[in-house]
Amino acid sequence: MSPEELPDDGGATGEENDAARRRRRAQFLRDLNEAKELRDRVQPRRARAARMRQAMRMRTFRW
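Within each chain, residue numbers correspond to sequence positions counted from 1 in written order. Note on the predicted model: pLDDT of at least 70 is required for a residue's local features to be given, and 80 or more for side-chain atom pairs to be given and counted; whole-chain, interface and lining totals, by contrast, use all residues. For side-chain calculations, the full set of non-hydrogen atoms in the structure is used, while hydrogens and water are omitted.

K.L.:
What's the story with a nonpolar patch on the surface in this structure? I'm lost.
P.N.:
Patch construction takes residues with relative accessible area above 30% that form no salt bridge. Like charges are linked within 9 Å, and nonpolar side chains (Val, Leu, Ile, Met, Phe, Trp, Tyr) are linked within 5 Å. Per-residue and other accessible areas were derived by the Shrake-Rupley procedure at a 1.4 Å probe size, with only the shown protein chains allowed to occlude residues. One side-chain nitrogen of Lys or Arg within 4 Å of one carboxyl oxygen of Asp or Glu is enough to make a salt bridge. Together, Phe28, Leu29 and Leu32 line one region of the surface with nonpolar side chains, adding up to about 270 Å² of accessible area. Helix and strand assignments come from DSSP, with helices taken as H or I runs of at least 4 residues and strands as E runs of at least 2, each series counted from the N terminus. Mapped onto the secondary structure, Leu29 falls in helix H1 (residues 14-42).

Right, dumping it as structure tokens:
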């Protein structure tokens, strides 16, 4: 995107942009977590297999 195509933020300061970015990120993470929970409810066998794989990864991880 060229600078002319970027939306105008109304002269917001960097701090306001940072706060807006944090709000968008928090909302994205909430939505992502909700989607994962929904997937786990809809596909319990796949979710259990994924938990088992993650547990195996954690057991074999070397610090």
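That was the structure; now back to the text.
K.L.:
I keep staring at the pattern of salt bridges and nothing clicks. Help me out?
P.N.:
Opposite charge on two side chains allows them to pair when their charged atoms are near. For the structure shown, the criterion picks out 2 salt bridges. In this structure, the salt-bridge partner of Asp18 is Arg21, at a minimum N-O distance of 3.0 Å. Here Asp18 and its partner Arg21 are both found in helix H1, 3 residues apart, which amounts to about one turn of the helix. Overall, Asp18 belongs to the partly exposed group, its relative accessible area being 29%. Relative accessibility under 20% of the residue-type maximum defines a buried residue, over 50% an exposed one, and the middle range a partly exposed one, all with a 1.4 Å probe and only protein chains included.

K.L.:
Before we go on, may I ask you to explain a negative patch on the surface in this structure?
P.N.:
The positive count covers Lys and Arg only, the negative count covers Asp and Glu only, and His and the chain ends enter neither. By convention, the charge on Lys lies at NZ, on Arg at CZ, on Asp at CG and on Glu at CD. Negative charge collects at one region of the surface, where Asp31, Glu34, Glu37 and Asp40 lie side by side. Examined against the element boundaries, Glu34 turns out to sit in helix H1.

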